[in-house]
Amino acid sequence: MSRDTGIPLAALAEPPRRGISLALVAAAAGDVPLASALALQLEAALAPTGTDPATCEEFDVLLLVSGDALALQQTAALASLPGERKKPGRRSAGRDLPGPVSVDFGSDAMRHRRRSGHNELLGRAVGIAGKRRPHVLDATAGLGRDSFVLADMGSAVTLCEREPVIAAMLAQGLQLARAGDDWLRQVAQRMDLFPGDARTFPGNDRTPGAAQTGLVEVIYLDPMFPGRDKSAAVKKEMALFQALLDAGDKRQDADELLRWALAQDVARVVVKRPVRAGYLAGLKPSHSIAGKAVRFDVHVRRALD
Ligand SMILES: C[S@@+](CC[C@H](N)C(=O)[O-])C[C@H]1O[C@@H](n2cnc3c(N)ncnc32)[C@H](O)[C@@H]1O
């Protein structure tokens, strides 16, 4: 099967900076227009409608389009990449594949997460207290859960995500939330997506002539780290993220991101770490707030307004 250009799909599947092959898949005929548009935007292939991830050997990862929802799903092909994920004797097909990953701010899991102790620690780390609701730049937005939690607590949040596939999922998730119930709409209104590298976000640029939005008071970083959580949900997400983000160009630049954040004109920088991990970039924070599994390292630059 080929597109109008006549170029075989497999040849279109891999933009230069991605180490794995990605294809868009429409669940049904009605989903083809959105799937095609996203395929163009993401420079990815369009696999035949209804392609089954469990048997797909052509592409490593599929972005499934069903109605307004997007879900990222690894395929049998990814499960059998050399050095990757496949354990000896493990079947690569169907039953062994982790389930899809999506951005669904209205899910039961997100509603449950609101009430978890993790949120309280995150809120304290960024300086939410009393009536104070600092504007947070989430420099590593990922699937946007921490951003959503912060926005739910009343902070305005700018979500930066540099991986285009994840950014597209975030955009779609935000769009759905803005069309959701009152609570979802209100929270989503406080969230803004910047689809690109956080270091290119112009918001806090104080050079003459630059856009003086200057609103961000806190930069929040949650860089990837291997083996940070043993739960099945996190494992499946990690496998996908690592495939998408690390396989192509191994950008282990979290240390650099912290140095960049500390050079910005913000009141504090907060880094999420596994509870027993060393400090990012070896830089000692002003203080840390530790939970059971994660720790928030807080670098205070000045008092919050
Ligand atoms: C571990 S995930 C973050 C998970 C997120 N806190 C959540 O709650 O869903 C890290 C994300 O940061 C993104 N990222 C890493 N460095 C970045 C940068 N410099 N600018 C924008 N995004 C970045 C990666 O693409 C990845 O999606």
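Residues numbered from 1 in each chain as written. Predicted model: local features only at pLDDT ≥ 70, side-chain atom pairs only at ≥ 80, totals over all residues. Heavy atoms only, no water.

*Asks:* Explanation requested: the pairing of strand 1 (residues 22-26) in the structure shown.
*Replies:* A regular strand carries its side chains on alternate faces of the sheet. Among the 5 residues in strand 1, 5 count as buried, and that is most of the element. Residue alternation in strand 1 divides its side chains into two sets, L22, L24 and A26 and A23 and V25, and both sets are buried. Sheet analysis places strand 1 next to strand 3 (residues 61-66), joined by 5 bridges and oriented parallel. Opposite A23, over in strand 3, you have L62 as the bridge partner. In this fold, the crossover linking strand 1 to strand 2 (residues 45-46) by way of helix 2 (residues 32-41) has right-handed handedness. (Buried < 20%, exposed > 50% of the residue type's maximum accessible area, 1.4 Å probe, protein only. Helix = DSSP H or I, 4+ residues; strand = E, 2+ residues; numbered from the N terminus. Pairing = 2+ DSSP bridges. Right-handed = clockwise from strand over helix to strand, strands pointing away.)

*Asks:* How do you make sense of the sheet that holds strand 1 when you look at a structure like this?
*Replies:* Consider a sheet: its strands pair through backbone hydrogen bonds, and that pairing is either parallel or antiparallel. Taken together, 4 strands build an open sheet; the order of strands is 2-1-3-4 and the sheet is mixed. Looking at the sheet topology across the chains shown, the edges are occupied by strand 2 and strand 4 (69-74). Both strand 3 and strand 4 contribute to a ladder of 6 bridges, which runs antiparallel. Bridging across to strand 4, V61 finds its partner in Q74. In this fold helix 2 packs onto strand 1, strand 2, strand 3 and strand 4, with an angle of close to 165 degrees to the strand it touches most, strand 1. Sheet strands in contact with helix 7 (residues 164-178) are strand 1, strand 3 and strand 4, and its direction is about 145 degrees off that of strand 4. (Contact = heavy atoms within 4.5 Å. Axes fitted to C-alpha atoms, helices over the stretch in contact; angles between N-to-C directions.)

*Asks:* Explain the pairing of strand 11 (residues 294-300) here, please?
*Replies:* Among the 7 residues of strand 11, 6 are classified as buried, and the element is accordingly described as predominantly covered. Bridging between strand 9 (residues 268-274) and strand 11 involves 7 bridges; their strand directions are antiparallel. Each bridged residue has a counterpart across the sheet, and for V269 the counterpart in strand 11 is H299. Bridge count between strand 10 (residues 287-290) and strand 11: 4 bridges; the pairing is antiparallel. Across the sheet, the residue bridging to S288 is D297, located in strand 11. Between strand 10 and strand 11, which pair antiparallel one after the other, the connecting turn spans 3 residues.

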